[in-house]
Amino acid sequence: MKKFIAGALAFATALTVLTGCGGAAGSSAQTSGSTAAGSTAAGSTASGEQVLKVATWDYTSNPSVSNSVKAFEAANPNVKIEILDIPSTDYNTKLNVMLNGGSDLDAYFIKDASSTYDLYKKNQLLDLTDYIEADGVDMSAYNGTDKPFNIEGRQYGMPVRTDYYVLFYNKDLFDAANMEYPSNDMTWTEFEKLAMDISKAANCYGAYFHTWQACVQNWGVQDGEHTIMDYDSNYDFFKPYYEMVLRLQDAGAIQEFGELQSGNIHYSGAFAAGNVAMMPMGTWYMATITESIKNGEANLKEWGVATLPHPDNVSAGYTVGATTPIVINPASEKQDLAWEFVKFMSGEESANEYAKVGAIPGRLNDEILALVQEQEGMPEGLAEALKVENIVADRPIQESVTEVNDMLGQEHSLIMLKECSVDEGLANMGSRAAEILK
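The name given to the chain in an unreviewed UniProt entry is Sugar ABC transporter substrate-binding protein, and the organism recorded there is Candidatus Ruthenibacterium merdavium.

Q: What is the right way to look at the overall build of the chain in this model?
A: Across its full length, the chain carries 17 helices and 11 strands. Residues counted as buried form 59% of the 438 residues belonging to the chain. Total accessible area computed for the chain in this model is approximately 17200 Å², and 44% of it derives from carbon and sulfur atoms.

Q: What is the right way to read the pairing of strand 8 (residues 278-282) from this model?
A: The side chains of a regular strand alternate, residue by residue, between the two faces of the sheet. For strand 8, the buried fraction is high: five of the five residues fall into the buried class. Burial along strand 8 is two-sided: the residues Met278, Pro280 and Gly282 and Met279 and Met281 are all buried. Where strand 7 (residues 158-170) meets strand 8, five bridges bridge the pair, whose relative direction is antiparallel. Pairing of Tyr169 across the sheet is with Met278, part of strand 8.

Q: Would you explain the pairing of strand 7 in this entry?
A: Here strand 7 lies mainly inside the structure; 13 of its 13 residues are buried. In terms of strand pairing, strand 7 meets strand 10 (residues 318-328) through six bridges, oriented antiparallel. Note that in strand 10 the partner of Pro159 across the bridge is Pro325. With five bridges connecting them, strand 7 and strand 9 (residues 303-307) associate as antiparallel partners. Residue pairing in the sheet places Phe168 in a bridge with Val305 of strand 9.

Q: What am I meant to see in the nonpolar core here?
A: Nonpolar side chains in soluble globular proteins tend to end up buried together. Counting residues in each nonpolar core, the largest one holds 86 residues, and the members touching the most others are Phe191, Phe238 and Tyr285. In contact with Phe191, not counting residues within four places along its chain, are Leu167, Met186, Ala207, Phe209, Met244, Leu248, Met278 and Pro309. If you look at the next biggest cluster of nonpolar residues, it comprises 53 residues, including Phe72, Val79, Tyr156 and Ala338.

Q: When you look at the packing of aromatic side chains in this model, what are you seeing that I'm missing?
A: Each aromatic ring pair is characterised by the separation of its centres together with the angle its planes make. Tallied over the full model, the rule gives 25 aromatic pairs. One cation-aromatic arrangement involves Lys111 over Trp57; the distance from NZ or CZ to the ring centre is 5.7 Å.

Q: I keep staring at the pattern of salt bridges and nothing clicks. Help me out?
A: Where charged atoms of side chains with opposite charge meet at close range, the side chains can pair. Across all of its chains, the model carries 16 salt bridges by this definition. Across the pair Lys387 and Asp366 runs a salt bridge, and its minimum N-O distance is 3.6 Å. Linking Lys387 in the loop between helix 15 (382-385) and strand 11 (390-393) with Asp366 in helix 14 (residues 366-373), this pair joins segments that are 21 residues apart in sequence. Accessibility expressed as a relative area gives 46% for Asp366, which makes it partly exposed.

Q: How do you make sense of a negative patch on the surface when you look at a structure like this?
A: Where like charges cluster on the molecular surface, the negative patch consists of Asp118, Glu399, Glu403 and Asp406. Structurally, the position occupied by Glu403 is in helix 16 (residues 401-416).

Q: Help me out: how do you make sense of unusual backbone geometry in this one?
A: When glycine is set aside, most residues are seen to have a negative phi, and most peptide bonds are trans. Notably, Tyr235 is not glycine yet its phi reads approximately 55°, a positive angle. Among the structural elements, Tyr235 can be located in the loop between helix 7 (214-221) and helix 8 (239-250). Tyr235 gets classed as buried once you look at its relative accessible area, which sits at 0%. Phi at Lys418 is positive, roughly 60°, even though this residue is not glycine.

Q: I tried to follow helix 17 (residues 422-437) on my own but got confused; where do I start?
A: Think of an α-helix as turning once every 3.6 residues; residues three or four places apart then point the same way. Between the first and last C-alpha of helix 17 there are 22 Å, a value that for 16 residues agrees with the 22 Å anticipated at 1.5 Å per step. Among the residues of helix 17, Val422, Gly425, Leu426, Met429, Gly430, Ala433 and Ala434 are the ones counted as buried. Where helix 17 is buried, its residues meet helix 7, helix 8 and helix 16.

Q: Help me understand the confidence of the model for the chain, please; the structure alone is not making it clear to me.
A: As a note on interpretation, predicted positions should not be read in detail where pLDDT is low. The share of residues in the chain with pLDDT of 70 or more is 89%, and the mean pLDDT across the chain is 89. Segment residues 1-41 is flagged for pLDDT under 50; beyond a separation of four residues in sequence, or across chains, it makes 161 contacts in the model.

Q: Got a minute to help me understand the packing of helix 16 against helix 17 in this structure?
A: Between helix 16 and helix 17, whose axes approach to 10 Å, the crossing angle comes to 160°. Judged on the interaxial angle alone, helix 17 and helix 16 are roughly antiparallel. Every pair of crossing elements has a handedness; the one defined by helix 16 and helix 17 is right-handed. Seen from helix 16, the contacting residues are Glu403, Val404, Met407, Leu408, Gln410, Glu411, His412 and Ile415; seen from helix 17, they are Val422, Gly425, Leu426, Asn428, Met429, Arg432, Ala433, Ile436 and Leu437. For the contact of helix 16 with helix 17, a count of residues per class yields 10 nonpolar, four polar and three charged.

Q: Can you help me understand the environment of Asp197 in this one?
A: Position of Asp197 relative to the elements: it lies in helix 6 (residues 188-201). The class of Asp197 is partly exposed, set by a relative accessible area of 30%. A sequence separation of 20 residues divides Asp197 from Ala177, and the C-alpha atoms of the two residues are 9.7 Å apart.

Q: What exactly am I supposed to notice about the environment of Arg363 here?
A: The topology assignment puts Arg363 in the loop between helix 13 (348-356) and helix 14. For Arg363, a relative accessible area of 19% puts it in the buried group. For Arg363, the residues in contact, after removing those within four places along its chain, are Asp138, Ala141, Tyr142, Ser346, Gly347, Glu348, Ala351 and Ile368. Reaching out from Arg363, the side chain makes a polar contact with the side chain of Tyr142 at a distance of 3.5 Å.

Q: Would you mind going over the packing of helix 8 against helix 16 with me for this structure?
A: Pairs of packed helices are described in terms of their axes, by the angle between the two and the distance that separates them. Look at helix 8 against helix 16: their axes get within 11 Å of each other, and the N-to-C directions meet at 40°. Between helix 8 and helix 16, the interaxial angle falls into the category oblique. Here helix 8 and helix 16 pass one another in a crossing that is right-handed. Along the contact surface, helix 8 presents Tyr242, Val245, Leu246 and Gln249, while helix 16 presents His412, Ile415 and Met416. Partitioning the contact of helix 8 with helix 16 into residue classes produces five nonpolar, two polar and no charged.

What counts, and at which threshold
Residues numbered from 1 in each chain as written. Predicted model: local features only at pLDDT ≥ 70, side-chain atom pairs only at ≥ 80, totals over all residues. Heavy atoms only, no water. Helix = DSSP H or I, 4+ residues; strand = E, 2+ residues; numbered from the N terminus. Buried < 20%, exposed > 50% of the residue type's maximum accessible area, 1.4 Å probe, protein only. Areas by Shrake-Rupley, 256 points an atom, 1.4 Å probe, with all protein chains shown as cover. Pairing = 2+ DSSP bridges. Core = buried A, V, L, I, M, F, W, Y, C linked by side-chain atoms within 4.5 Å. Contact = heavy atoms within 4.5 Å. Phe/Tyr/Trp six-rings, centres within 6.5 Å; stacked < 30°, edge-to-face > 60°. Lys NZ or Arg CZ within 6 Å of the ring centre and 35° of its normal. Salt bridge = Lys/Arg side-chain N within 4 Å of Asp/Glu carboxyl O. Patch = residues over 30% accessible without salt bridge, like charges linked within 9 Å, V, L, I, M, F, W, Y side chains within 5 Å. Lys, Arg positive; Asp, Glu negative; His and termini not counted. Charge placed at Lys NZ, Arg CZ, Asp CG, Glu CD. Expected span 1.5 Å × (residues − 1). pLDDT = per-residue confidence, 0-100. Axes fitted to C-alpha atoms, helices over the stretch in contact; angles between N-to-C directions. Parallel < 35°, antiparallel > 145°, perpendicular 65-115°, else oblique. Left-handed = near helix turned anticlockwise from the far one by under 90°. Nonpolar A, V, L, I, M, F, W, Y, C, P; charged D, E, K, R; others polar. Polar contact = N/O pair within 3.5 Å; in protein donor to acceptor, adjacent residues only side chain to side chain.

Right under this line is the structure:
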């Protein structure tokens, strides 16, 4: 999705990322807390401070990252972080140019998590496993967001930010229908019934499913037992969710896929219009709907968030998302110092800085979620709804995952437009994935 969630792992408010080197390919370089003009010998300033070069995107508009960098510098006054700030649209391209050209970059954020495998294959990721073990970093604090960056048993990236799917709902519609709000422990079977019931009781759309394939297929991988690369069963784990969404569509409880596609209807406008009761969507949308209501652009006053519904055989708190990691360039001559920065950016202090601006850090606990809850405009009960047991990556870090994901999107549209049956579409997915992976 970035879908995470694309990115979103965006991700519209996606974390800072991938690399650049000073003056390369039109990138802009700025030093946090000082100017680059003070630099003398490579990697140090006139005052003897050590300099780390770190690449990210859209730095000046990303307070979660800039505040964390300032906090690191405050805690390490002998270190300055030289930010290589690259526009998000150019980031991946310029990063590749810099890394392939032997950049002196020390660390960088990865904008699209699915590109991690290609970076690994090109030996552009430093193995962090020994650093993690030596410092006793508790990887369980990341609720599974670290797992996609563990390749062949070794850890190559540390989670900094994450976005994952939750259930947004319109309190106004539930109040008008005198119905209870969605709970934090609701199965997809219960969700379907609730969507049917409130669509009739409140004369509205019971739910909204965006046109991304992630908004159906993600529920099939939510249990963590499957990925979009598991084609050998003809993707039968997607079937219950395609059937559910098509039933809701046939009943008029959700808008038709073709109508959404032809009208180029965006999920943010659809929910803000006030006639949608529930919407599975990523946590990045919290900032958007808060701002829409604040500016008087939304036709609803009260909204809420519940934990994402779960399969019958899975406990509440399992969700799907995307994560922004930070990594170290193996070509760096300051790997130990770069690790201290990476450890800080993926640690507790940085997580607090992210939470203070309403962003979801990769490191999650009750205190962090309480900080997110405290931000202006956030609904009551948010912290409880955001609790997770496990965040499954929407796309695994694996070769050919981009090609398979694109193919799944094509077949998704055919199923939703009823140009083929669910069984035919899933069989096509399986055969086409097998061909790609050959």
